[in-house]
Amino acid sequence: MAKLKTKYFCQACGFESPKWAGKCNNCNEWNTFVEELVGKSSKKEEQQSSIGLTAVNGPISIASIAPDELERTITTDEELNRVLGGGIVPGSIVLIGGEPGIGKSTLLLQVALSLTGKTIIYVSGEESEQQIKLRANRIGLNNPDLYLLSETSTGKIFKHLRKYQPDVVIIDSIQTLQSPFVESTPGSVSQIRECAGELQRYAKETATPVFLIGHITKEGSIAGPKVLEHIVDTVLQFEGDHHHIYRILRNSKNRFGSTAEIGIYEMRQDGLRQVTNPSELLITQHNQNLSGITVAATMEGARPLLIETQALVSPAVYGNPQRSTTGFDLRRLNMLLAVLEKRCGFRFGDKDVFVNIAGGIRVEDPAIDLAIICALLSSYEDTPVGSGVCFAGEVGLSGEIRTITRANQRISEAAKLGFEQIFLSGNIKLEKTNYDVELKKVMTVAELFKALF
Ligand code: TYD
Ligand code: MG
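The sections below set out a description of the structure shown in this document. In this text the structure is predicted, and so the values were computed from the model without any measurement.

### Digging into the packing of helix α5 (residues 154-164) against helix α6 (residues 189-206)
Then comes step 1: Here α5 crosses α6 at 15 degrees, and the two axes come no closer than 11 Å. The orientation of α5 relative to α6 falls into the category roughly parallel. Here α5 runs over α6; the crossing is right-handed. Contacts between α5 and α6 involve Thr-154, Phe-158 and Leu-161 from the first element and Cys-195, Glu-198, Leu-199 and Tyr-202 from the second.
Then comes step 2: For the contact of α5 with α6, the per-class residue count stands at five nonpolar, one polar and one charged.

What follows is the structure, given as structure tokens:
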């Protein structure tokens, strides 16, 4: 019997080494090497025949490629179309990552069910056909051209794909697949790399779009090696808070479009529903006159989003004052508090401070600073800011209010939602001068405080 060959793979970056090591020389992570069986020394030709490739490709002139070869498939899901850059590109391979239970399977099943007139194969290594059917019933759609396949071996999967010649292939999930050419267990670095490579060759050779679902690790990156993200054309992240209904589809890599587009969904009893007017849903209280509530005009990628921010400042009852945030960076909050202490003379040292962004959405846009500062001041003073006012501006360390990107879009969105005033940096340069909303320009935090309270 031939001796089994093993190698060590870093589970973080996919680096391979003949010997075990405590620290990966490539990504500097500790204790990430795992022994995996490799080889069977299969010939490359043999591997290719498993996918059914025979054509030998030579170089061709770019001018001779017909443009209609790249005609995209438009789905009924406009959010997905937009995030993909205008529909599904033939032969593209799209990876969707996200936490367990966030709705990846639901999203792709819904897309598959709505693509009527196309043959689709949904390969699931995680659920049985009956379970998928149950989910389809909940979604309430039916598509006779959707075929379900409960299978994990790539060899068998390609056999079925050759027979059915589908227009779209969905793999749920890449971590459950097993290639007959690699002996290590499913989900290991060498398996993921091999299976993704085989699927990529299949996608390119047959011009069939392939969707891969990928699990993510504790740290939030897609489980498996970075090579997976290099192999695929598009990497989408499906995220959101489990306790809230909103889900955001982000794009971190796209060979066929911009990565600035995002899609917003609402998780309901009957599947995911597209949200076309997110701002209206995220501002719930804006006519109630309560202190500590403000509205921020933020951008999520290329999309303006008006979000309600809430702050609560109260005397600390325990020795150590608490600072806690949901949907906002805690260190950023500490910085904003320090600016308010130093530049405006407020004392937060004996106060508990809580900040919350509505809808379970995480905001990274620095333009939310101004709304947070105002919510803090409003709660501190116990004076409502009043409805009809929103904010967009980044706050610097010296208490200055900085300009923001895409100001026009933010202002237009505020006007569309019926806001009367928007506070912005005094330095802002605008293309237009008249908007349907009054522009309030402020230079510093102290000036803002005077203008508001
Ligand atoms: P799922 O697509 O299985 O998540 P993933 O594939 O990312 O692990 O989604 C699971 C969650 O979605 C589950 O907790 C229940 C919820 N859900 C609904 O609320 N409504 C629905 O119609 C469906 C199908 C799922
Ligand atoms: Mg799933």
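### Describing the sheet that holds strand β8 (residues 210-215)
Then comes step 1: Taken together, nine strands build an open sheet; the order of strands is β6-β5-β7-β8-β4-β9-β10-β11-β12 and the sheet is mixed. Strand pairing shows two members of the sheet lacking a second neighbour, β6 (146-150) and β12 (271-274), which therefore form its edges. For this sheet, the mean angle separating the axes of adjacent strands, direction not counted, is 25 degrees.
Then comes step 2: In terms of strand pairing, strand β4 (residues 93-98) meets strand β9 (residues 234-240) through five bridges, oriented parallel. By the bridge assignment for β9, Gly-97 is matched with Gln-237.
Then comes step 3: The sheet strands contacting α5 are β5 (120-124), β6 and β7 (168-172), and the helix crosses β5 at an angle near 170 degrees.

### Details of the pattern of salt bridges
Pairing between side chains of opposite charge can happen when their charged atoms approach one another.
Then comes step 1: Enumeration according to the criterion identifies 22 salt bridges in this entry.
Then comes step 2: For Lys-7, the salt bridge goes to Glu-16, with nearest N and O atoms at 2.8 Å.
Then comes step 3: For Glu-16, a relative accessible area of 36% puts it in the partly exposed group.
Then comes step 4: The salt bridge involving Glu-127 is made with Arg-135; its shortest N-O contact spans 2.8 Å.
Then comes step 5: You can call Glu-127 buried: its relative accessible area is 15%.

### Overview of the sheet that holds strand β2 (residues 16-17)
Then comes step 1: Strand order in the open sheet formed by three strands is β2-β1-β3, with antiparallel pairing between adjacent strands. Looking at which strands have only one partner, the edges of the open sheet turn out to be β2 and β3 (33-38).
Then comes step 2: The sheet contact formed by strand β1 (residues 5-10) and β3 spans six bridges and is antiparallel. Note that in β3 the partner of Cys-10 across the bridge is Phe-33.
Then comes step 3: Each of β1, β2 and β3 is contacted by α6, which is oriented at about 90 degrees to β1, the strand it contacts most.

Calculation criteria
The numbers attached to residues start from 1 for each chain and follow its sequence in the written order. As they are written, the chains are lettered A onward and the ligands numbered 1 onward, keeping that order. Only residues with pLDDT of at least 70 get local features here, since the model is predicted, and only at 80 or more are side-chain atom pairs given and counted; chain-wide, interface and lining totals rely on the full set of residues. Processing note: side-chain calculations cover all non-hydrogen atoms of the structure and skip hydrogens and water entirely. Axes, fitted as lines to C-alpha atoms, cover a helix only where it is in contact. Angles between the N-to-C directions of the axes lie from 0 to 180 degrees. Helix and strand assignments come from DSSP, with helices taken as H or I runs of at least 4 residues and strands as E runs of at least 2, each series counted from the N terminus. When an angle is under 35 degrees it counts as roughly parallel; over 145 it counts as roughly antiparallel; between 65 and 115 it counts as roughly perpendicular; any other value is oblique. By convention, the crossing between two helices is left-handed when the near helix turns anticlockwise from the far helix through less than a right angle, and right-handed when the turn is clockwise. Any two residues whose heavy atoms approach within 4.5 Å at even a single point are treated as in contact. Ten residue types, Ala, Val, Leu, Ile, Met, Phe, Trp, Tyr, Cys and Pro, are classed as nonpolar, four, Asp, Glu, Lys and Arg, as charged, and the remainder, Gly among them, as polar. A pair of strands is labelled paired if DSSP reports no fewer than 2 bridges between them. Here a salt bridge means any side-chain nitrogen of Lys or Arg lying within 4 Å of a carboxyl oxygen belonging to Asp or Glu. In this scheme, a residue with accessible area under 20% of its type's maximum is buried, one over 50% is exposed, and one in between is partly exposed, where area comes from a 1.4 Å probe on protein chains only.

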